[in-house]
Amino acid sequence: MSREGSLADQLLEVEGLAKHFRGGGNWINRGGDSIRAVDGVSFSVGEGETFALVGESGCGKTTVAKMILLLERPTWGTIKFQGEDVSRFRGSGLREYKRLVQAVFQDPYSSLNPRMQVLDIIGEPLRVHQKLRGRNLRMRVGELLENVGLNPVTATFFPHQFSGGQRQRIAIARALALRPNLIVLDEPVSGLDVSIRAQILNLLVQLQRDLGLSYLLISHDLAIVEHMSHRVGVMYVGKMVELATRDEFYGNTLHPYSNALLASVPQPDPDIPMGTTITGEVASPINPPSGCRFHTRCPIYLETDMCREVEPEWREVLTDHLTACHKVEPAVV
C-alpha cells in the first residue's frame with residue numbers, strides 16, 4: 001500500500017482486495033470461469049477526506065464499495081477500519097462498524113421504501129441502534145431533515161410526494177442518522193436532473209465540513225470528482241492503475257487510461273483541443289488480457305513483450321502519486 005495507508009489519521013485502509021465470482025457456465029461464460037470483478041486493489045481514506053474511485057462501467061468500483069459495506073465478502077485481501085481488521089468484527093464490534101459506515105445509493109427512487117413515511121425511513125436506524133421512540137425520535141428526525149434542507153413537517157410524507165433531489169436529501173439524512181465517520185457515495189447524483197446535482201454536491205461538501213465526515217465517492221463523472229475529491233484512484237477491469245491527489249491527477253496524469261478518461265470530458269471552450277481518446281471494447285473480467293490489462297486499447301502500446309506479457313508493477317512514481325504502467329518512469333530526484 002502507499003504511504004497514505006500507514007498514517008495515523010487513516011480511517012479506512014484497503015489492502016490487496018479481490019472479489020472473484022464463480023462463473024455459471026452459460027452462453028456468455030461457456031467455461032464457467034471466475035469473473036474477476038476486483039483483482040487486488042489497495043487504497044486508504046483519511047479522516048475528513050473524500051477519496052474518489054473512478055473508471056468505466058464494469059471496472060469493479062461498486063463491488064469495492066459493496067465489500068466495504070459488508071454486502072459482499074472479499075475473496076481475499078483486508079479491509080481495516082480505524083486500524084482493525086473488519087473481518088474479525090463480531091457482535092457489538094460488527095454492530096458498531098455498521099453504525100459508523102453508511103451509504104447513499106445511486107437511485108433515489110428505489111433506495112427508499114415507498115410504503116414507509118419519512119419518519120420511519122430515517123427513524124428506523126435510530127430505533128434499532130439508539131432505541132429512540134416517540135417524541136425523542138420525532139425531534140431527531142426533524143433535526144436531520146433540517147440538516148439536509150428539508151422542512152421537518154415533511155416527516156409524515158411518503159417518498160412519492162418528493163422530487164428526485166428531495167428523495168436524495170432524505171437518503172442523506174438517513175445516512176447521517178447514526179453519526180457515521182464514513183459514508184460511501186455510490187454515484188449519488190447520476191440519477192438526478194443536472195439542475196439539482198450541484199445543490200446535492202454542495203450539500204455533501206458542507207456536511208463534510210460541519211461534521212468531519214469522510215467519503216468514499218464512486219463515480220464515472222470526472223467533473224464531480226474534481227469538485228469533491230481530495231484524492232483519486234482510477235480502476236480498469238478490476239485493477240487500480242493510478243492513485244494521486246486531486247491536483248496531481250488533474251494536472252499531471254501519468255497512466256494512458258487516466259489520460260484518455262480526462263480527454264473524454266467535454267470542454268466548454270471549443271478552441272481547446274481534445275486529448276487522445278481510446279477505442280475498442282473494455283476487456284472482459286472473465287478472461288482479462290495477459291500482461292497489462294489495458295494494452296489492447298492503449299494508445300502508446302508498442303506491441304512489446306513487456307506490455308503484452310508482464311503485469312505492470314504498482315509503484316510510486318512521484319511523491320504520493322502511484323501508477324501501474326511500464327512506460328512511466330519514476331521521477332529522478
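Values in this document were obtained by computation on a predicted structure and should not be read as measured data. (Residues numbered from 1 in each chain as written. Predicted model: local features only at pLDDT ≥ 70, side-chain atom pairs only at ≥ 80, totals over all residues. Heavy atoms only, no water.)

**Some thoughts on the nonpolar core**
Grouped together as the largest cluster of nonpolar side chains are 59 residues, with contacts concentrated most on Ile122 and Ile172. Counting 32 residues, the second-largest nonpolar core is a separate cluster that includes Val41, Cys59, Phe89 and Met240. (Core = buried A, V, L, I, M, F, W, Y, C linked by side-chain atoms within 4.5 Å. Buried < 20%, exposed > 50% of the residue type's maximum accessible area, 1.4 Å probe, protein only.)

**With respect to unusual backbone geometry**
For lysine 131, which is not glycine, the phi dihedral falls at a positive 60°. Phi is positive for valine 237, which is not a glycine, with a value near 50°. As for its position among the elements, valine 237 is in the loop between strand S9 (231-236) and strand S10 (239-245). (Helix = DSSP H or I, 4+ residues; strand = E, 2+ residues; numbered from the N terminus.)

**Some points on helix H9 (residues 256-263)**
Along H9, seven of the eight residues are buried, which leaves the element largely enclosed by surrounding structure. Along H9, the residues that are buried comprise Pro256, Tyr257, Ser258, Ala260, Leu261, Leu262 and Ala263. Each element contacted by the buried residues of H9 is listed here: helix H7 (222-228), S9, S10 and helix H8 (246-251). (Contact = heavy atoms within 4.5 Å.)

**Remarks on the pattern of salt bridges**
Per the counting criterion, the structure on display carries 10 salt bridges. Glutamate 49 is the partner of arginine 231 in a salt bridge, and the nearest nitrogen-oxygen pair spans 2.6 Å. Of this pair, arginine 231 sits in strand S9 while glutamate 49 sits in the loop between strand S2 (35-46) and strand S3 (50-54), placing them 182 residues apart in sequence. When sorted by exposure, arginine 231 lands in the same class as glutamate 49, which is buried. A salt bridge links aspartate 247 to arginine 246; the nearest nitrogen and oxygen atoms lie 3.6 Å apart. In this structure aspartate 247 comes out as exposed when scored by relative accessible area, which is 60%. Overall, the relative accessible area of 27% leaves arginine 246 in the partly exposed class. (Salt bridge = Lys/Arg side-chain N within 4 Å of Asp/Glu carboxyl O.)

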